Amino acid sequence: MNPEREARGEKLAANVVVIGGGGAGLVAAVAAAEKGARVTVLEARRVPGGNAVNAIGLFAVIGDKGTDINAQRDDYFKKTMGYAHWRINARVVRALINKSGDLVPWLEAKGLKPERTDFFGPVHASVVLRCGTIPEGIGYEVAKAMVKTCEELGVRFLYRTRAKKLIVGREGRVTGVMAVAKGKELIVDAGSVIIATGGFVGNQRLLKKFLPPYHDDDDIFLGGLPHKGDGLLMATEIGAATEIIAAPEMSVNRFPWSSCLFIIIKHPGTIWVNKNGERFTDESVHEAANSQYRQPGKTSYTLIDEKIKEAIFQSDLSPIDDTILKANMTLDVIEEKIRQSIRKEGLFVGSSPWQTIAEKDLHFQADRGRVKISSSWEEIAQWMGADPVALKGTIDKYNAACSQGHDDIFAKDRKYLLPLRTPPYYAIRCYLNLMVTHGGIKINHNMEVLDKRDSPIPGLYAAGVEAASADLETYNPGLPAHGYGFAVNSGRIAGESAAEFASGKQDKY
Ligand SMILES: Cc1cc2nc3c(=O)[nH]c(=O)nc-3n(C[C@H](O)[C@H](O)[C@H](O)COP(=O)(O)OP(=O)(O)OC[C@H]3O[C@@H](n4cnc5c(N)ncnc54)[C@H](O)[C@@H]3O)c2cc1C
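Counting restarts for each chain, with residues numbered from 1 along the sequence as it is written. Owing to the predicted nature of the model, reporting of local features is limited to residues with pLDDT of at least 70; listing and counting of side-chain atom pairs is limited to 80 or more, with chain, interface and lining totals taken over all residues. For the side-chain quantities, the full set of heavy atoms in the structure was used; hydrogens and water were omitted.

### A closer look at the overall build of the protein chain
Looking only at helices and strands, one finds 17 helices and 18 strands in the protein chain. A 1.4 Å probe rolled over the protein chains alone gives each residue an accessible area, and that area as a share of the maximum for its type sets the label: buried under 20%, exposed over 50%, partly exposed in between. Per-residue burial for the protein chain yields a buried fraction of 59% across its 509 residues. Looking at the protein chain as shown, the accessible area adds up to about 20,700 Å², and 50% of this sits on carbon and sulfur atoms. Counting from the N terminus, the helices are the DSSP runs of H or I reaching at least four residues and the strands are the DSSP runs of E reaching at least two. Note on areas: these come from Shrake-Rupley sampling with a 1.4 Å probe, and a residue is covered only by the protein chains present in the view.

Given below as structure tokens:
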């Protein structure tokens, strides 16, 4: 049966309809199908995966050897609630943390081999999972495995099919979805519906309403897909409540034109300065991008010298290199993956290890005015539009901090304090990216969508970043990679709950 043809103008039926085939939706589809439901996934794009294919890490509390997993869960739960001053839904947070406990065997049963990574900092080593390698990390690998499992379980995918409206039957129960595929209307009757539409960074009206500082800001670039908040709009149209919509996730000082230069920029041994030539953050912390938001033009420049560049290239310090090495892949495989990603971006295509590609890319980008290479800080300051005296002062102060082994302004870990004394010097212009919004549709711990009286709307579930979960005004750095981690775990819970509801067997509390 050709699903595309089937989609044209026909009326379809499923036990569970999943809107959005990204991080949460694919997992929800598998979880529902594993419970025996007939599942249909509506995906607006031509391909599955959503923003999740970009995810390098996946948060999970899986227990360390010799430690009590309950104590670990309690610890993360308390930290999360403390970070949010208990203003978020404690039972939702608890459900997501608990659900992550058996994620590893669940993924392994689908042929994946997740392992721990310290990509997000050594402090989090026990809880962030990875598999695959840069640039194709765990999100890409999981998406591939979920699509394969969906095929095995008979899940139907309708691509280029954008859900537009929820259909409500008697007693307010959600009974289906109206969608549009190739300009034609399509109705899918459903026992239950899961919204997993991935946030609203691409909807200026919603940004203005819920995240006004990020609305119409020319200094902020989109770091992911321009999702429109369709799920939030459809759910609120039928009376769903919204909850703390906040926590835009900013990317770490991303350089969108080159994956290889991003590896340099992300390195904790670099220094970052603003347009005035002043340092403004501890460059080694994951959430440093938030401090870039406060800088003039929301712009920064990553500075290195020849010696730091070589140190990064020789993998002395790079957490990314660690990740690559742990993946136990041969260099030619890594190279090919990096080449593929560069090819996708239409940039320089090399045939060498990533270090060689990065070296060439520095010069390639310098020709395009995005990088400055010079033996003179004065020339670099002029290129940045900064006061040369101020920039030189910053460098001298930083070098002195390196000599004394103490950064008395930002308390950067001394192992990352590398002086800039060996020309040529490199300055890479960096931009701030808004990657995803977090929060929106109010849910309970079964991922049921709640109305304004806090009662579940029968038959309606939400998962992923368009549902409210663990974030308050900013992305909680104490739970690294929880955007994707919670998408996966909320997807699993939503899939199971929605399948049970559709079969009339939901065990509620
Ligand atoms: C560059 C980048 C890197 C990231 N790295 C990480 C990381 O390392 N770790 C981490 O935890 N998080 C990371 N994230 C965030 C992570 O990708 C998201 O948290 C995760 O993808 C959320 O899953 P989701 O299912 O809610 O949304 P998505 O994965 O974006 O899926 C939403 C899907 O819904 C579809 N859709 C939208 N509207 C409709 C409609 N009306 N009808 C049908 N389909 C629709 C979309 O096309 C999309 O496929 C990263 C994000 C970006 C952009």
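Picking up after the structure, the text goes on.
### Let's talk about helix 17 (residues 482-502)
Given a helix with a known number of residues, its expected span is that number minus one, times 1.5 Å. Over its 21 residues, helix 17 runs 29 Å from end to end, which matches the ideal 30 Å to within 8%, given 1.5 Å per residue. Phi for Gly504, located one or two positions after helix 17, is positive at around 80°.

### Describing the packing of helix 3 (residues 69-83) against helix 4 (residues 90-99)
Two elements in contact, helix 3 and helix 4, have axes whose closest approach is 10 Å; the angle formed by their N-to-C orientations is 145°. Classified by chirality, the crossing of helix 4 by helix 3 is right-handed. Every residue of helix 4 that contacts helix 3 at Arg73, Asp74, Tyr76, Phe77, Thr80 and Met81 is listed here: Ala90, Val93, Arg94, Ile97 and Asn98. Ten residues, namely Ala, Val, Leu, Ile, Met, Phe, Trp, Tyr, Cys and Pro, are considered nonpolar, four, namely Asp, Glu, Lys and Arg, are considered charged, and the remaining ones, Gly among them, are considered polar. Its residues assigned to classes, the contact of helix 3 with helix 4 comprises six nonpolar, two polar and three charged. In this analysis an axis means a line fitted to C-alpha atoms, helices contributing only their contacting stretch, and an angle means the value between N-to-C directions, from 0 to 180 degrees. When the near helix sits turned anticlockwise from the far one by under a right angle, the crossing is termed left-handed; a clockwise turn instead gives a right-handed crossing. Residue contacts are defined here by distance: any two heavy atoms, one from each residue, within 4.5 Å place the two residues in contact.

### Here's the deal with the pattern of salt bridges
One side chain can pair with another of opposite charge once the charged atoms of both are near each other. The term salt bridge refers to a pairing of a side-chain nitrogen on Lys or Arg with a carboxyl oxygen on Asp or Glu at a separation within 4 Å. According to the stated counting rule, one finds 22 salt bridges in the structure shown. Here Lys35 and Glu500 are joined by a salt bridge, their closest N and O atoms 3.3 Å apart. Remark: Glu500 occurs in helix 17 and Lys35 occurs in the loop between helix 2 (23-34) and strand 2 (39-42); sequence separation between them is 465 residues. A residue is classified by how much of its surface remains accessible, and Lys35, at 45% relative accessible area, is partly exposed. We classify Glu500 as partly exposed; its relative accessible area is 22%.

### Focus on the sheet that holds strand 15 (residues 425-430)
Think of it this way: DSSP has to see at least two bridges between two strands before they count as a pair. Taking strand neighbours across the sheet as the criterion, the four strands line up as 12-13-15-14 in an open arrangement whose pairing is antiparallel. Here the strands that pair on one side only, and so sit at the sheet edges, are strand 12 (271-273) and strand 14 (371-374). Recorded for the sheet is a direction-independent mean angle of 25° between the axes of neighbouring strands. Judged from the three bridges that link them, strand 12 and strand 13 (residues 300-305) form a sheet pairing that is antiparallel. If you follow Ile271 over to strand 13, its bridge partner there is Leu303.

### Considering helix 15 (residues 377-384)
The periodicity of an α-helix, 3.6 residues per turn, causes residues three or four places apart in sequence to face the same way. Buried within helix 15 we find Trp377, Ile380, Ala381 and Met384. The arc enclosing the buried residues of helix 15, seen along the axis, measures out at 100°, which places them on a common side. Check the buried side of helix 15 and you find it contacts strand 12, strand 13, strand 14, helix 16 (388-404) and strand 15. Two N or O atoms count as a polar contact when they lie within 3.5 Å, although within protein this holds only if one can serve as hydrogen donor and the other as acceptor, and sequence-adjacent residues are included solely when both atoms are side-chain atoms. N-cap assignment for helix 15: the residue whose side-chain oxygen lies 3.2 Å from the backbone N of Glu378 is Ser376. Within two residues after helix 15, Gly385 carries a phi angle of roughly 80°, on the positive side. Within this analysis, the arc is defined by the directions that extend from the helix axis to the C-beta atoms.

### Let's talk about the packing of aromatic side chains
Any Phe, Tyr or Trp ring, taking Trp's six-membered ring, that has another such ring centre within 6.5 Å forms a pair; planes under 30 degrees apart are called stacked, those over 60 apart edge-to-face, and the others tilted. Enumeration according to the criterion identifies 10 aromatic pairs in this entry. Taken together, a centroid distance of 6.1 Å and an interplanar angle of 55° make the contact between Phe200 and Phe210 tilted. In this pair, Phe200 sits in the loop between strand 9 (184-195) and helix 7 (204-210) while Phe210 sits in helix 7, placing the two residues 10 residues apart along the sequence. The pair Phe200 / Phe210 is uniform in exposure class, with both members buried. Ring plane angle 65° and centroid distance 6.3 Å describe the contact between Tyr461 and Phe501, whose orientation is recorded as edge-to-face. Taken together, the residues Tyr461 in strand 18 (residues 456-462) and Phe501 in helix 17 connect sequence positions 40 residues apart. Sitting over the face of the ring of Trp106, Lys110 holds its NZ or CZ atom 3.9 Å from the ring centroid. Over a ring means this: the NZ of a Lys or the CZ of an Arg is within 6 Å of the ring centre and within 35 degrees of the ring normal. The positively charged end of Arg368 is found above the aromatic ring belonging to Phe364, 4.0 Å away from the centroid.

By themselves these figures say nothing about function.
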